[in-house]
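Each chain, written out:
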Amino acid sequence: MTLPSLYSRIMRRNLRRTRFKIGVALTTIIVILSIIAPLIAPYPSEGYGYVPANASERKLLPPSTQFPFGTDALGRDLFSRVLTGTRTAVIQAVSVILISLLVGMIIGVCAAYFKGLIEVTLNYFTELFMAVPSIVIALFLRLTIGQGLHVVIISLVIAWWAWYSRIAYVYAKSIVELEYVTLAKLSGLSALKIIPRHVIRNIFQALTVQAISDLGSALLEASAINFMGLGLPPGSPEWGVILYEAITELGIEAFLFSPWLVVFPGLFIFMTTLGFSLVADPLREDLDPRLRRRWKLWF
Amino acid sequence: MVLAIQAKNLKIGYMDEEEEQITWATRGVDLSVEEGESFCIVGESGCGKSTLASAIAGVLPPHALTMGKLYIFNQLVINESERNYNGIRGKVVSLIPQNPGTSLNPFLTIGDHFYYILRDVKGLSKSDSIKIAQEYLSKVGLGKDVLEKYPHKLSGGMQQRVLIAIALASEVKIIVADEPTSSIDANLRAQILNLLSKLVKEFKVTLLLVTHDLASASKICDRIAVMYAGKVIETGLTSSIISKPRHPYTRMLLDSVPLLGSKKSLNPLPGEPPSLVEDFTWCSFRDRCPFRIEQCSVEPPLIPVEDEPHLVRCWRFREVS
């Protein structure tokens, strides 16, 4: 099935469901915001972390018409920062998922297709990486190669590809036993032709759904890494970093006396994750009929 | 006449997981199929007929062990343990698989199936292969709207007809049909077989039909070989095998299947076929045979029955008929 036809079918079938609509709306807003954020932010340079010249006059101001989300401890407009952070959030989530999907799919399919020693080795390798938590890797990378977006992405990919590899392996394992693969294989067709034509084409739908439903979790984990100060450097337009700065500079007082510093980035993380999950859940239920009933009562 | 397929003492075996013992699926098959004829291999499950078919079609698994010789149009494809199907597989021989449902990729349209195969075998472009696909699909009685469809939208019979069209479209000389009707309803079985035999005659293709159904084999085949425990035990013209079976196994096989229109009682075969793990020198049917004598501890060769092209592997074939 081609991707556009799959897409139109999914849209047609699910648009009637309320939560899918909400999810699509939220995701669309986030994606549009991530593209146009620098254009609509009232203080674009502050969005990227530059401290304004008159910073001492506008530290920790509560939300007002001039600063819709208030200002932070360095006097930067929080609205601009949060808005600019949308782009980082989308870049993090999408690149982590895409790279993990690609790596995991190739390794999983190879394990299922080439049996014997390759299968055993790749499976042990996969299981090894399934046990690794991303934050530990981020800590290690923070200490060895410093801070930056690449630290977040690399550490999450290292922790996540194994799950895609396992899913790809399980699905591909049943596909490679079917006659259209075995006969093609025995006829001497090369693996380079069979794998994309027969194996990946058949497992891609399942993997895509899994990837979409993981977008939200990827964002949460990326924010967690940033919140711990392991990923992006302070001042970066990222929601986790904004929370991290609030906590490091103000401590527990941030919650008590300037809650806008915590509430708005947190709200954006929540809304984005919710949007991704609401889109992904109906898709996952479509794929796995056993899940279809269980969550029906939610909305 | 040119021999399309010629097997000389062909043995094919499979090693088990521990590499301790070998199961010989065929234990020395001698077979010759002439060009343009419809030849049928009949036998029960596990007699090695599917293995023989996949050896001829060139899709033996790599771990299979081979001995003996197999010629396809005078080209040696199996020479003891060497197998070389270059220029034969897909170009001279094509296979119609057993299960149409799992032989078509559910994510490819029927047109794509034709395209990929014709591109690999003949190097055709997409538009050319679609033209050829239409032509062959109309031969099997399917419209060109099928080209755009995915396999799950077709019924089992339609899928099998698509596979027949694909096998014919690469203009091969031999078609190996490995139980093409086993997953099809009885009402469609005759239709598919008649279609197959009609097309085979029309395109002058050699057909090797593998089946366990003696009745359907007798409908469309010129010659029949009956296999038992990895060996051909009787071979001859369809009419003479059906009317005058010389081997006790063939006779019991005929007695155990119903024939439309006759009210004969059905007799099941007692016993089981022998294990093919160990080699043995006695007649493989000895333990189940009601005609067994002392001499049966030595396996008979294929003995020609007088004045007919009919060979039988039984010492007492005269008494059997």
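Note that this is a predicted model, so its numbers are computed, not measured.

1. With respect to the overall build of chain B
Scanning chain B for helices and strands turns up 10 helices and 13 strands. Based on the C-alpha atoms only, the size of chain B along its principal axes is roughly 65 × 50 × 40 Å. Counting across all 321 residues of chain B, residues that qualify as buried make up 44%.

2. Quick notes on the overall build of chain A
For chain A, the helix and strand inventory stands at 12 helices and zero strands. Projected onto its principal axes, the C-alpha coordinates of chain A cover approximately 75 × 50 × 35 Å. Counting across all 299 residues of chain A, residues that qualify as buried make up 43%. A separation threshold of at least 6 residues defines the contact pool for chain A, and within that pool the share at least 24 residues apart is 70%.

3. Overview of the sheet that holds strand β7 (residues 93-96) of chain B
Residue and element names in this part refer to chain B. On the basis of which strands lie adjacent, the open sheet formed by eight strands has the order β7-β8-β9-β3-β10-β11-β13-β12 and mixed pairing. Two strands lie at the open edges of the sheet, namely β7 and β12 (303-305), each paired on one side alone. Sheet twist, expressed as the average angle between the axes of neighbouring strands with direction ignored, equals 20 degrees. Sheet topology note: the strand β10 (residues 223-228)/strand β11 (residues 231-237) ladder contains six bridges and is antiparallel. Counted as the bridge partner of alanine 225 is threonine 235 from β11.

4. Thoughts on the sheet that holds strand β1 (residues 3-15) of chain B
By way of backbone hydrogen bonds, the strands of a sheet pair with one another, either parallel or antiparallel. Residues and elements named next belong to chain B. Reading across from one edge, β2-β1-β4-β5-β6 is the order of the five strands in this open sheet, with antiparallel pairing throughout. Looking at strand neighbours, the two that pair on one side only are β2 (22-34) and β6 (82-83), the edges of this open sheet. Of the strand pairs in this sheet, β1 and β2 are connected by 10 bridges, and their pairing is antiparallel. Across the sheet, the residue bridging to leucine 3 is glutamate 34, located in β2.

5. Let's talk about the nonpolar core
Residue and element names in this part refer to chain B. If you look at the biggest cluster of nonpolar residues, it comprises 84 residues, and the most contacted ones within it are Ile174, Ile175, Val176 and Leu208. Tallying contributions element by element places helix α5 (residues 156-169) first for this core, with nine residues. Here this core spans two domains, and each of domain 1 (3-92 + 174-187 + 205-320) and domain 2 (100-171) adds at least three residues to it. Not counting residues within four places of it along the chain, the set of residues in contact with valine 176 comprises Ala53, Ile56, Ala57, Val93, Leu95 and Leu208.

6. A word on the confidence of the model for chain A
All names here are of chain A. Residue-level pLDDT values for chain A average 86, and 91% of them are 70 or greater. Here helix α1 (residues 3-14) is the element of chain A with the lowest mean pLDDT, 66, and helix α4 (residues 78-113) is the one with the highest, 94. Counting contacts from residues 291-299, a segment whose pLDDT is below 50, to residues more than four positions away or on other chains yields seven contacts.

7. Looking at helix α8 (residues 179-186) of chain A
Turning to α8(A), its buried residues are Tyr180(A), Val181(A), Ala184(A) and Leu186(A). In this structure, the buried side of α8(A) is in contact with α7 (149-175) and α9 (191-227) of chain A together with α2 (100-103) of chain B. Just downstream of α8(A), Gly188(A) is the residue with a positive phi angle, here 90 degrees.

8. Overview of the environment of Phe257(A)
Residue and element names in this part refer to chain A. If you trace the backbone, phenylalanine 257 turns up in helix α11 (residues 253-257). For phenylalanine 257, a count of 11 C-beta atoms within 10 Å corresponds to the exposed category. Along the sequence, phenylalanine 257 and proline 233 sit 24 residues apart, while their C-alpha atoms lie 25 Å from each other.

9. Considering the packing of helix α2 (residues 18-40) of chain A against α4(A)
Residue and element names in this part refer to chain A. Remark: α2 packs on α4, axes separated minimally by 7 Å, with the N-to-C direction vectors making an angle of 135 degrees. With respect to their mutual orientation, α2 and α4 come out oblique. Of the two possible hands of crossing, α2 and α4 adopt the one that is left-handed. For the pair α2 and α4, the contacting residues are Ile30, Val31, Leu33, Ser34, Ala37, Pro38 and Ile40 in the first and Leu83, Thr84, Thr86, Arg87 and Val90 in the second.

10. Brief notes about α5(B)
All names here are of chain B. The first and last C-alpha atoms of α5 sit 20 Å apart over 14 residues, in line with the 20 Å expected at 1.5 Å per residue. With 13 of its 14 residues buried, α5 lies for the most part within the structure. Residue glutamate 171 follows α5 closely and has a positive phi angle near 50 degrees.

11. Some words on the pairing of strand β4 (residues 64-72) of chain B
Residue and element names in this part refer to chain B. Judged from the eight bridges that link them, β1 and β4 form a sheet pairing that is antiparallel. Looking at the pairing, isoleucine 5 lines up with isoleucine 72 of β4. By the bridge criterion, four bridges tie β4 to strand β5 (residues 75-79) in an arrangement that is antiparallel. Within β5, the position partnered with tyrosine 71 by the bridge is leucine 76. Between β4 and β5, which follow one another and run antiparallel, lie two residues, and phenylalanine 73 among them has a positive phi close to 50 degrees.

12. Some thoughts on unusual backbone geometry
One non-glycine residue, Asn9(B), adopts positive backbone phi at about 50 degrees. For Asn9(B), the position within the fold is in strand β1.

13. Some points on the packing of α9(A) against helix α10 (residues 239-250) of chain A
All names here are of chain A. Viewed as axis vectors pointing N to C, α9 and α10 meet at an angle of 35 degrees, and their least axial separation amounts to 7 Å. Crossing angle aside, the handedness with which α9 passes α10 is right-handed. Two secondary-structure elements touch here, α9 through Ala222, Ser223, Ala224, Ile225, Asn226 and Phe227 and α10 through Trp239, Gly240, Val241, Leu243 and Tyr244. Within the contact of α9 with α10, the residues separate by chemical class into eight nonpolar, three polar and no charged.

14. Focus: the interface of chain A and chain B
Listed as interface residues are 12 residues of chain A and, on the opposing side, 16 residues of chain B. Looking at the side of chain A that touches chain B, the elements that each hand over two or more residues are α8 and α9 of chain A. Of the residues that constitute the side of chain A that touches chain B, the class distribution is five nonpolar, four polar and three charged.

15. Concerning the environment of Pro62(B)
Residues and elements named next belong to chain B. Positionally, proline 62 belongs in the loop between α1 (49-57) and β4. For proline 62, a count of 7 C-beta atoms within 10 Å puts it in the exposed group. Sequence separation of proline 62 and glycine 87 is 25 residues, and the distance between their C-alpha atoms is 18 Å.

16. What about the domain arrangement of chain B?
All names here are of chain B. By the assigned domains, chain B splits into domain 1 (3-92 + 174-187 + 205-320) and domain 2 (100-171). Between domain 1 and domain 2, the residue contacts involve six residues of the former and eight residues of the latter. A breakdown of the residues in the side of domain 1 that touches domain 2 according to their chemical character gives three nonpolar, two polar and one charged.

17. Quick word on the pairing of β11(B)
All names here are of chain B. Most of β11 sits out of view: six of its seven residues are buried. Examined bridge by bridge, β11 and strand β13 (residues 310-312) share two bridges and lie antiparallel to one another. Across the sheet, glutamate 234 pairs through a bridge with valine 312, a residue of β13.

Criteria and cut-off values
Residues numbered from 1 in each chain as written. Chains lettered and ligands numbered in written order. Predicted model: local features only at pLDDT ≥ 70, side-chain atom pairs only at ≥ 80, totals over all residues. Helix = DSSP H or I, 4+ residues; strand = E, 2+ residues; numbered from the N terminus. Buried ≥ 20, exposed ≤ 12 C-beta atoms within 10 Å, placed from the backbone. Contact = placed C-beta atoms within 7 Å. Pairing = 2+ DSSP bridges. Axes fitted to C-alpha atoms, helices over the stretch in contact; angles between N-to-C directions. Core = buried A, V, L, I, M, F, W, Y, C linked by C-beta atoms within 7 Å. Domains from an automatic or database assignment. pLDDT = per-residue confidence, 0-100. Parallel < 35°, antiparallel > 145°, perpendicular 65-115°, else oblique. Left-handed = near helix turned anticlockwise from the far one by under 90°. Expected span 1.5 Å × (residues − 1). Nonpolar A, V, L, I, M, F, W, Y, C, P; charged D, E, K, R; others polar.

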